[in-house]
Every structure is written in structure tokens, then in C-alpha cells.
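Fold and contact review
Single-letter residue listing:
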Amino acid sequence: MSRISNAFKKEKAFIGFVVAGDPDLKVTVENVLALEDGGADLVEIGIPFSDPVADGPVIQDADQRALNQNVNTEDVFELVRLIREQSDIPLVFLTYANLVFKSGYETFCKKCVDLEVSGMIIPDLPYEEQDDLLVVMEQNDLDLIQLITPTSKERIPKLAKRARGFIYVVSSMGITGTRNEFKEDISQLTNEIKKYTTVPIAIGFGIHTPIQAVEMSHLADGIIVGSEIVRIAHEDSPQRLMTYIQEMKDAIS
Amino acid sequence: MSRISNAFKKEKAFIGFVVAGDPDLKVTVENVLALEDGGADLVEIGIPFSDPVADGPVIQDADQRALNQNVNTEDVFELVRLIREQSDIPLVFLTYANLVFKSGYETFCKKCVDLEVSGMIIPDLPYEEQDDLLVVMEQNDLDLIQLITPTSKERIPKLAKRARGFIYVVSSMGITGTRNEFKEDISQLTNEIKKYTTVPIAIGFGIHTPIQAVEMSHLADGIIVGSEIVRIAHEDSPQRLMTYIQEMKDAIS
Amino acid sequence: GHYGEYGGQFVPETLMNELTKIETSYQEAKNDPEFQQEVHDLLNNYANRPSLLSYAKRMSDDLGGAQIYFKREDLNHTGAHKINNVIGQALLAKRMGKTRLIAETGAGQHGVATATIAALLGMECEIYMGKEDTERQKLNVYRIELLGAKVHPVTTGSMVLKDAVNAAMQAWTQRVDDTFYVLGSAVGPHPFPEMVHDFQSVISKEAKQQILAETGKLPDAVVACVGGGSNAIGSFAAFIDDSEVALIGCEAAGKGVDTKQTAATIERGSTGIFHGMKSKFMQNEDGQIDEVYSISAGLDYPGVGPEHSALADMHRAQYVGITDDEAVDAFEYIAKTEGIVAAIESSHAIAYVKKLAPTMRKDQVIICTISGRGDKDVASIAKYRGVDVDE
Amino acid sequence: GHYGEYGGQFVPETLMNELTKIETSYQEAKNDPEFQQEVHDLLNNYANRPSLLSYAKRMSDDLGGAQIYFKREDLNHTGAHKINNVIGQALLAKRMGKTRLIAETGAGQHGVATATIAALLGMECEIYMGKEDTERQKLNVYRIELLGAKVHPVTTGSMVLKDAVNAAMQAWTQRVDDTFYVLGSAVGPHPFPEMVHDFQSVISKEAKQQILAETGKLPDAVVACVGGGSNAIGSFAAFIDDSEVALIGCEAAGKGVDTKQTAATIERGSTGIFHGMKSKFMQNEDGQIDEVYSISAGLDYPGVGPEHSALADMHRAQYVGITDDEAVDAFEYIAKTEGIVAAIESSHAIAYVKKLAPTMRKDQVIICTISGRGDKDVASIAKYRGVDVDE
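None of the values given here were measured: they were computed from a predicted structure. (Residues numbered from 1 in each chain as written. Chains lettered and ligands numbered in written order. Predicted model: local features only at pLDDT ≥ 70, side-chain atom pairs only at ≥ 80, totals over all residues. Heavy atoms only, no water.)

**Quick notes on unusual backbone geometry**
Pro-50 of chain C follows Arg-49 of chain C through a cis peptide bond whose omega is -10 degrees. Within the secondary structure layout, Pro-50 of chain C lies in the loop between α2 (33-45) and β3 (53-55). Here the bond from His-190 of chain C into Pro-191 of chain C is cis, since omega is 5 degrees, no more than 30 degrees from zero. Relative to the helices and strands, Pro-191 of chain C resides in the loop between β8 (179-181) and α9 (192-200). Its identity as a non-glycine residue notwithstanding, Asn-70 of chain B has a phi of 60 degrees, on the positive side. By secondary structure assignment, the location of Asn-70 of chain B is in the loop between α3 (57-68) and α4 (73-86). The backbone phi angle of Met-159 of chain D is positive, close to 60 degrees, even though this residue is not glycine. With respect to the element layout, Met-159 of chain D can be found in the loop between β7 (150-154) and α8 (161-174). Note on Met-159 of chain D: relative accessible area 26%, which makes it partly exposed. (Helix = DSSP H or I, 4+ residues; strand = E, 2+ residues; numbered from the N terminus. Buried < 20%, exposed > 50% of the residue type's maximum accessible area, 1.4 Å probe, protein only.)

**Examining the side chain of Asp-242 of chain D**
Structurally, Asp-242 of chain D can be placed in the loop between α11 (230-236) and β10 (246-254). Exposure remark for Asp-242 of chain D: the relative accessible area of 14% places this residue in the buried category.

**Structural notes on the interface of chain D and chain C**
With 48 residues of chain D at the interface, the matching set in chain C holds 48 residues. Taking both partners together, chain D and chain C bury about 3,900 Å²; carbon and sulfur atoms supply 57% of that area. At the junction of chain D with chain C, the criterion picks out six salt bridges. Across the pair Asp-375 of chain C and Arg-373 of chain D runs a salt bridge, and its minimum N-O distance is 3.2 Å. Here chain D and chain C share 18 residue pairs in polar contact (both at pLDDT 80 or more) between them. Of all the secondary-structure elements, those providing two or more residues to the side of chain D that touches chain C are α2 (33-45), α5 (109-121), α6 (131-136), α7 (138-146), α14 (324-338) and α16 (378-384) of chain D. (Contact = heavy atoms within 4.5 Å. Buried area = accessible area lost by both parts, 1.4 Å probe. Salt bridge = Lys/Arg side-chain N within 4 Å of Asp/Glu carboxyl O. Polar contact = N/O pair within 3.5 Å; in protein donor to acceptor, adjacent residues only side chain to side chain.)

**Thoughts on the interface of chain C and chain B**
Taken together, the 33 residues of chain C in the interface contact 40 residues of chain B. Across the chain C/chain B interface, buried area totals approximately 2,900 Å², and carbon plus sulfur atoms make up 50% of it. Counting every contact that joins chain C to chain B gives two salt bridges. Here Arg-155 of chain B and Glu-13 of chain C are joined by a salt bridge, their closest N and O atoms 2.9 Å apart. Summed over the shared surface of chain C and chain B, the result is 20 residue pairs in polar contact (both at pLDDT 80 or more). Elements with a minimum of two residues in the side of chain C that touches chain B: β2 (6-10), α1 (13-30), α8 (161-174) and β11 (270-274) of chain C. Per-element accounting of the side of chain C that touches chain B gives the leading share, six residues, to α8 of chain C. Here the residues of the side of chain C that touches chain B sort into eight nonpolar, 18 polar and seven charged. (Nonpolar A, V, L, I, M, F, W, Y, C, P; charged D, E, K, R; others polar.)

**A look at the arrangement of the chains**
Among the three pairs of chains in contact, the pair with the most contacts is chains C and D. At no point do chain A and chain C touch; the closest pair of C-alpha atoms across them sits 27 Å apart.

**Topic: the packing of aromatic side chains**
All names here are of chain D. Overall, the coordinates contain 28 aromatic pairs over all chains when judged by the stated rule. Their ring planes at 40 degrees and their centres at 5.1 Å tell us that Tyr-55 and Tyr-69 sit as a pair that is tilted. With Tyr-55 in strand β3 (residues 53-55) and Tyr-69 in strand β4 (residues 67-72), this residue pair connects regions lying 14 residues apart in the sequence. By relative accessible area, Tyr-55 is classed as partly exposed at 33%. Residue Tyr-69 is classed as buried on the basis of its relative accessible area of 8%. Measuring from centroid to centroid gives 6.1 Å for Trp-172 and Phe-192, while their planes differ by 75 degrees, and the two rings are edge-to-face. You can see Trp-172 sitting in helix α8 and its partner Phe-192 sitting in helix α9 (residues 192-200), a full 20 residues away along the chain. The residues Trp-172 and Phe-192 share a single accessibility class, namely buried. (Phe/Tyr/Trp six-rings, centres within 6.5 Å; stacked < 30°, edge-to-face > 60°.)

**Focus: the sheet that holds strand β6 (residues 146-148) of chain B**
Residues and elements named next belong to chain B. Judged by pairing direction, the sheet is parallel, and its nine strands sit side by side in the order β5-β4-β3-β2-β1-β9-β8-β7-β6 without closing on themselves. The open sheet has two edge strands with one neighbour each: β5 (143-144) and β6. In this sheet, strand β9 (residues 222-225) lies alongside strand β1 (residues 13-19) in parallel orientation, the contact comprising four bridges. Of the residues in β9, the one forming a bridge with Gly-16 is Val-225. Against the sheet, helix α2 (residues 25-38) contacts β1, β2 (42-46) and β3 (91-94), and its axis sits at roughly 170 degrees relative to β1. (Pairing = 2+ DSSP bridges. Axes fitted to C-alpha atoms, helices over the stretch in contact; angles between N-to-C directions.)

**Remarks on the environment of Asn-84 of chain D**
Residues and elements named next belong to chain D. When you line up the elements, Asn-84 lands in helix α4 (residues 82-95). Given the relative accessible area of 0%, Asn-84 is considered buried. Linking Asn-84 and Met-169, residues 85 residues apart in sequence, is a C-alpha distance of 22 Å. When sequence neighbours within four positions are dropped, the list of residues in contact with Asn-84 reads Leu-43, Arg-49, Glu-73, Asn-76, Phe-199, Gln-200, Val-202 and Ile-203.

**Side note on the relation of the copies chain D and chain C**
It takes a turn of 180 degrees to lay chain D on chain C, together with a shift of 0.0 Å along the axis; the resulting RMSD is 0.0 Å. Look at the turn and shift together and you get a two-fold axis relating the two. In terms of proximity to the rotation axis, the leading residue of chain D is Leu-75 of chain D, whose C-alpha is 3.2 Å off the axis. Residue by residue, 100% of the interface of chain D is reproduced at the interface of chain C, so both copies engage with the same surface. (Least-squares fit on C-alpha atoms with pLDDT ≥ 70 in both.)

This is the structure in C-alpha cells:
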């Protein structure tokens, strides 16, 4: 937890997301280090899942590529161990409920503690289904990152109150109006959240460019970039990734 | 009528069948003359029909070949006219009800008279449906040949009583027993017919060989050969046809 | 056995006694409550009758005229009205002591229906099918065999439906003792057109009750497609004496009533003698039976049942031609408006309803018979529209 | 929303409020006689319910044990039990003010059912289908489009059913306001398994009445096939409290329960969280969802509805694996003995009845649900048997 709050200590935080094992485990280590070098404050390590229903096509394909190389959960733990040999950057796992469930909540949480991974983002584990896991996470001082979306509405208070680490605001909804309306909607959402918590807010989903980053960073404590990093990791080099992070980080600093 | 009775005057009569226009109209004329030369006593001229339901595959195919050359009813009349230039052999038409109906009963019968054709065999015009045509045929002194089959049973008296020219006994029924049983059945059938009429009886359907011809000729006044003649007409020459008729005629003489 | 000048028994002598036996047995069966109960039981507990009479709300609204009701024969077991008739004939065959059913089939529907009932009743079954058709409809050949029947590909003539009828009649001639020929439409020698009329009239008997219960009055028009005419005669039967009910049969005009590629027998044909009956046929001036054409295999027949010829002569029923194009449009229209994939045959009737309904008042009622379901036609409609559906 | 340890709502936060709305609306609708009447009307006047419960005389005699009755969902409009559920969900969607239905489909059956009801109710409709499946099932794609719906080929993952579910859920996430996701089986987040249970329970409610009227007593066993499990839960529902009625679900064992090529989830799977629910899944030790296999596209799903997982744990229902071979044999057997071409899915249930009936007394009764008709399967069975049916 302390590590996550570190990420939001300075200016606006930049949070990056990688799919473990795409293009391969070794390059993923390099990519995470490149993110850190580029200025990222926190990295989400995606454990690839066969059916990532909450992700868009770019990340789905990356998961599939990683699985095609037989990357399993144990491999991802090993990958984090390698990262930890060279970096103290705050890390969280992003994965689907079944991988954590199947691993066993106790086992998985213990592993996080061992690897100094501070928390988890589980897109298919909503508020109502979190109790069993939360008990174990709290015992291990791990943060379960709450997601809040424009459709959360009257759910916001309870989500905000339970939040630890940071709040992941899912900004993009398929059918949105004009850009200004969109910004206004997000700003209302973050203002609403702030009524109930002091936990930092990061906005993610659909942020690719420095201009978008700037706009969103005005509304929150940090921004999350996923697909674009995954795309660069797939198509380009760790060096290019670092340059991209620098541009984005500069924009919001 | 007189012509038909002529056919049965001498010994056992041999009746042959040709499909008009197979292989072509000119050869059919030659074939009929070959039949006469070979010893046939009467010839059935088949007017080809699109759907000869009462005929087996050999004759069906011959009808189709003739129709494929656009042989029509008028052509068949012309063919008979050519035969009549060279022969006085008794002739009947074998055709299906629709061709006679469509031509018009009056018209068709007049044509028969003109061409000295003595009668008609219409396999799909059973006793119950003959009245309209019979009136006209009788006015023109034409014989409607009655067909009697092993399934006719209690119908035999009325069929026999109406018969003129000759009676066509249909000998072959799909599922027959041994050869002896078969002969016995036919013999019972012809004996039954003879109770009601003195009109000559000819047996047809399925007779190909001289031996079959001999056997059947013992039971009746004549035999009818169709498919085998049609087959030779299709595959071989008028000369071969004449030889075949001679063999058959010799066998029954 | 006669309908005006039409009907009769124009078959070889070999079959005459058998036809008389069938006639006698059928008249006895018709008056035997036990037989009627057997038929009723299979219709209701196997074929899934009564079939729905369902109000076509969206289509009625869209066309803005008469209220349209569908008589849903597509909901019968095996997917068409054919089963009504084969149940009746097969039970009659059994009653007569027959152990073997034979039948002709074109695209395969009547073959499937006959094989189905033969399986249910434990009877032998052989189906005659033109070789052209067995090759175009391999799947239906397999389906018939799956039901335990044997398929004979017919290689004579043009190797299509009428040749299959010829072959089945010949096969019957050669083995009448244990065999019953299950005729698939309201055609053939007496008593077949009468039997088919009777067995299919369940359609209109039900529809009459259902529409009276629903609307309190008789319909203004009954519309059905006509090939041989079995679903149409079944749809008309109970309304024939109700002169205020217009009866409309929709024939397959193919590429157009005035083209060579048509099967609109009543409009373009003439009186003749064929397949055991005097009726209207598509034929040339000599009386040779024409090859006919329609996109619909079930309407692609060069004749029509004798009762229809008589109804047309008496002006009791009206017969209209519907082209391939109109039928395909109707096929698509009813799918999109009512969620029903109707047979392309039935789509000929629907096409006429599309023209008729807007000319009628909103308080008037049309009953349109959906004679069968159109799953069998989806591939050929796709091809007609140029869509590749080969897998 | 829970069945023992199973069930729940494991979906992204984005959908949670929508699920709550559906839950609330559904609870209101469930208690609203007007809604129940609307559902009843469409079931009876469109889907062709009640479906027959028919006695399988020849099969009962042949197997020589229990008396067998078929619950004939194959006789429903569109040819399977799927329509029961889509009618309920679509009417709920309409009640909620939605104008657009989306659905996933594997081989296409649920897609066709959803497109059908969308056409009837005049709603927009989009169907998600794995690209592999759109290519294997071009005809069903065309059929769905014919009904006025749009098909989205899904190119992610292995491009089959589970990827179509994923894509449909994502599409729903992006447009919840006017869109209702019509789930096709007794799976997914609460309240879907409950709704599907309720809408499909018409099968067993009818069957219970029908068997009591016919035999005066409850059946000894109810047998149904299980993929996601909607026809099975519908077949079991009204009998769950009657502990003397054995409930048997037949899973697709594919090449064998002990092989890799199987879809027998309850026998071979383990507890997990997927597609919105906690239930049994075919998965590896990490929790990655397996690709599964069955000859039957409708049973080729790596999970099973949560209520089935609970019924299995409680030993209230028994689940057995039926191999491809056994199912194909049963497919052929019922065609030849009863004249019914049953879906290959349903043939899994029939295969078990073939084993079960001879072990029972003649005064005992089995109800076997024929979940759908098998016309769609004839070609693939032919191929399985090495018969060429390409035209």
C-alpha cells in the first residue's frame, strides 16, 4: 500500500499496463524497466487470460499471444521476481477472477506479498463478489483496486468508501457524445467520487495521446495507459516504449 | 377389323411392336417392312409419348429418343402413309390416352380410317374410361384392343365381352413364382377369358426368346413381342430384325 | 370420382382392381369411427395438430388493409402439410393389410413424410426420386435413408418429379399385393384426389373453427399455393360451400405466366389425361407433357388436381400466377416482418396476400396457409440473391 | 442469485447497474399478470406451445423396459426450446424500454431464435458469432440476416462460441442504454440463470400436467441433454421438489470423458469463475478456460449453468457423459423407430434413455426432452458416416 501511495506523491501519476509474456517474458521485463525509466509511477502487470472479456481487441490479442507461448501464472510470478531484482516500482496485478480463484486466494495473496506486488485489479470481480477475497487481501495488506464507471451512479459511495490504493475510473463508454460533453461527464464523476474518499483517482481506458493525457490529468490524480503500451510492446522496442512514456509523462507534469 | 382377324386366320399370330421414329422415321418404315417380311401378322405402331407409364425402360427410352428428334403425331401419320405405300399388313396404334384425347377422338379415328389402321391399344384407358372414345371408334369400325391382366379377375367377363379385334393378355407381373406356376396362371387366365368371348387372345409382355414364344403360343392365339424388337431396332439393323422375327415365327408355327 | 369433366381413373388395367379395393376400403374406413380416431390420434399426438391460426399483426399493419391470419402448417412434425395426408393413407394401407409403402418425391418433402410415417408404423418404405433430383438433393436422400427407407433414383425421361411418378406407378403395377402407393398431392386416379382432399381438409376444418372463435365470422378470403394442389384443397375444403368466402390458389408462374419457364397450369395449361386423371396440364399441341419450371420444387409439376380444374371452371376458386421474383420477395418479407421462414411454395401465397390485403377493408379477413417451413429453401434463396453460402 | 456456492454476478462494474435494473424489472415483471399473459400469448400463439408429450411406443417396445415419453420441443416454431427463453427475455427488454437486442450464437440456433423474436417485435437485432462459426455456418448467417438482424463475425480468441459471448458482453458494456443482451442458455451473471430457468420451466410444467393426465403419476426419470443447460433446467424445474423423480443430465463426452476432446463439464471440470458466474468449467490448473469438443455445436461449451453445478453437488440430479458415437447411434435409432429426426444435442439424451430404459420395469416411466429438431444436423451426421451429401 505504501508503494501505491508513493506513486501519487509527486505530481500527476502515470500508470502503465503490460501484458506479461507479450512479446515474451524477457522483453516484458525490459518493457517494465523502460516504463520506469520513462517516468511511469506504477505498472499494472496483466496476467494473460484466455477470455479477457473486459478488455478491447488490442489487449485480447496480446493475451492470446502470451498464452500461445504457454505463459502460465507461475511464469508471471517469475517475471515479477526478475523485475524486482532491478526495480522497486509499485506494481499491481491486473487479471481475471478465475486465475486468482483457481490459484487460491491465500496462495495468490502470499505470492503478491513475496513479490512486493501491492494489489490487484480484477475487472470481473465487482463490489458484490469481493468479500471472500477482500478478507484475505486485507490480512496481507494488499489493495484491491476498485473500478468506477460512468454507469456506476448510485454505487459510487459504496465503491469509493471501500477503495484502497487508487480508484480506477473507466472513462470510455462506447457511445459518447461530443468531446466536451465527455470531459464534463468524467469531471462530474470524479467530483462525485471525491465526496466519499481521499484515495487517489486514476483515469484509464482509451487514453493514447499526450493531449488526451493532459485533459484527463486535469480531472484526476493520475492517468492509466493500456492499449497503446501493449501496441508498442507488440510492434516496437523497449526504447520506443520509453520515449512514448516520457512524452506522456512530460505532458501531464 | 377384317384386317385384324386376318392376322389370326392362319396358325398362331406373331404381333410386333415398334416405336415410331426410333431410330428415325425412315428406318421405322424399313423395320415395319422387315417385320412383315419376317412373318409378323400384325404390327403395333407406338406413337411416342413423353411419359409412357405402362411401359418398361426399353420402350420408355425409345419414346424419349423419338421425341428428342421432334417426332410428333403428324409425323407418325406420315410414317404410316409411307408403310401403306408398300404394305397391307394389319396395323394398330399403341399410344397413351392423352395423345388421342388432345388430337380429338373424331379426328384421330378418321385418320386411322384414312391410313387403314384397324384399331388402338391405349394402356391408360381402362374399361371405365372408354365410353366416349368407343362411340366414335365404333362409328368408324375401329377396334379398341382390351388389355386383360392377372389382376383383372372379376373384371374379365366384362372386358372379354367388350373385346374386339384381339385381346391383349399382359403376362408378366413383377413378383411371379416359378416358371411352371407362371404358365399355369396364364393358362387359367386365358381359359377364363375364352368362357366369355371368341375374340382371339394374344399374350404379351416379357416375351423375348423362341422358347418363351413357344410356351406362350400354346396358351393363346398369338404372341406379342415389344421390348426385344425395340432393342434390336435401336442397336441393330432391319435385316437383323427380320431374322429375329423369322426365328420367333418359326418357333410358334 | 369426377369433378365436372375432370377426374377419373386413367391407369393400366393392372391397377384397376387395386384402385377399386382402395376405394372400397377407403369408403369403409371413412365411415368407421375407429379409423377416424386412429387418424385423429396420429394427427394430434404425432403430427402436432391442430396447427396454429396466428394473427400476423405486423404484416396486417404494414399492408394497411385486411387483417391477415396464417394457418401454420409449417409447425407440423416434418415441417409441412404433407404429413396430414401420409398419416391417412398409411393408416389405410395398414388397414388393408399392406406392409410396404412406396411414394414418389420431387425435392424430397413427400418422400421424407412417407418415410417418417413408415418408420413410425414399422412398415417397409421405398421412395422413387428422379436421378437429377437425387443429385440436387443428396441431403434429402440421406434423410429418407436415415428414416429407414430405400431411395430409387429414376433414370428415365428427364429424371425429375414426373418421371418419379411414372416409375412409382410402374413399381406399384409390378407389386400391388403387399404395396400401397402413397400419392403426395391431390392428383392421380380416383380415389386419390378424394382421399387427399379428405385428409388435408383438416386444415380448413380447424381454420374455420379457429377464425370463428377469433373473429366471430367467416374469412373474406382464403389464399393458398397450388402445385398438385393438396394444401390448397385442404385449405379450401370447409369453405367451398360458403360462397361469400373467396378462394384463391396461387400457381407458380416461374419467370412469368407468358414465358416458357412457368408452371401456372390452370392459367396456361389445357385439358388432358395424365397421371391417372383428366385435368389441366401443361402440354404441347400433340398432348406431350411439358417440362415446367418454378423456383419452387414443390410447385414444379405440369398438372393440377382435378378438383381445382373444376373449381376454376365453375369460378368457385380463382387461380393466380406468382413469379419467382414475387415469391422470393415475399419469402424475405414475411421473415423480416413476422419472424417466419416460410417455404418458397407458401411464399407464393404470401406474395398474393401482399397484393390483395391493401385492396381490402380493415374489417376484412384473409386466411393464408403457410404450407411448410422454409429452412429447406434458405440456401437456394441465398443463391438467387447471389450470396455465397457454400461451406 | 446463488445456487449453493455457485452463481453470482462476476461482471465488469460497467454492467452492474444494468444487471440490477434487469433484476428489478424482472422481479416486477414476474409478479405482473399482464407480463405473464404476454409471455403466455406468444408462447402459445407464436411459438406453438404447449409442445406435445408423445408416447414412444416402438422405442418402448424395442427397449423392453420403462415406458418412454418424448417432450417435443422440436415442434416449437424455429425448431427448438430456445424460443421459450428469447420470448421471455425480449418481452422483458421491451418492457424496460430497450429497442435493440444483442446475442451470441455458436452454430446459429440462438441467433436465429433471437433474430426471429426481434423481427416479430420490430426490434433491432445484432448477433455475435465466432468467425470460425460464421464460415462453417454460412447458411445460418444468411438465415439470421434474412430475419433482418446483423451478424458480427468475432475474430478474437479461437473465434468460436465463447469468443462470441465475450464479444457480445463487450458490445453490451459499450451500449447498455438501449440494448438488452439476450443470453441463450442458463448461464451468465444473475439474474440470467434464474430468468432462463423460469422461462424454460414451461417445459416441465407442461410435461408434469401431461404425464399426470396420461399416466396418473409422476415419471420415474426425466432425461435431458446439458450444454449450458437451459433445456435441462427447464425439463427438471417442476420436478426438482419431487424427490422420487430421478433427474438426469446428459453431457457431451465427445470422443470420451477421459479424452482431451470432451465437453463433459460436470464430470471433468472444476469450480471456477467465468462468463459472469461461479460454476463448473473445463479449465487448466491455472484457470485458463479450455477449448472443448463435441460433435454437437449446441453442447460444445466449456461451462454449465450454476444451478446444474449445485444440483450435481446435492446429488439431486445426476450427470452422465454421452460420446459422439453414442449420440450418432441414437440419432439414427430414433429416426428409424419413431420417425423423428432429433437434434444431435437431444440425441445425447436419447442415447442415455437407450441404456436406462432396459434396466427399468415396464410400469416405470421416462420423460426424455427432445430439445430440438435435427434437420440442421443431417449433413454432419452423413459426413460422420462417410456419406457424400455435397450437391
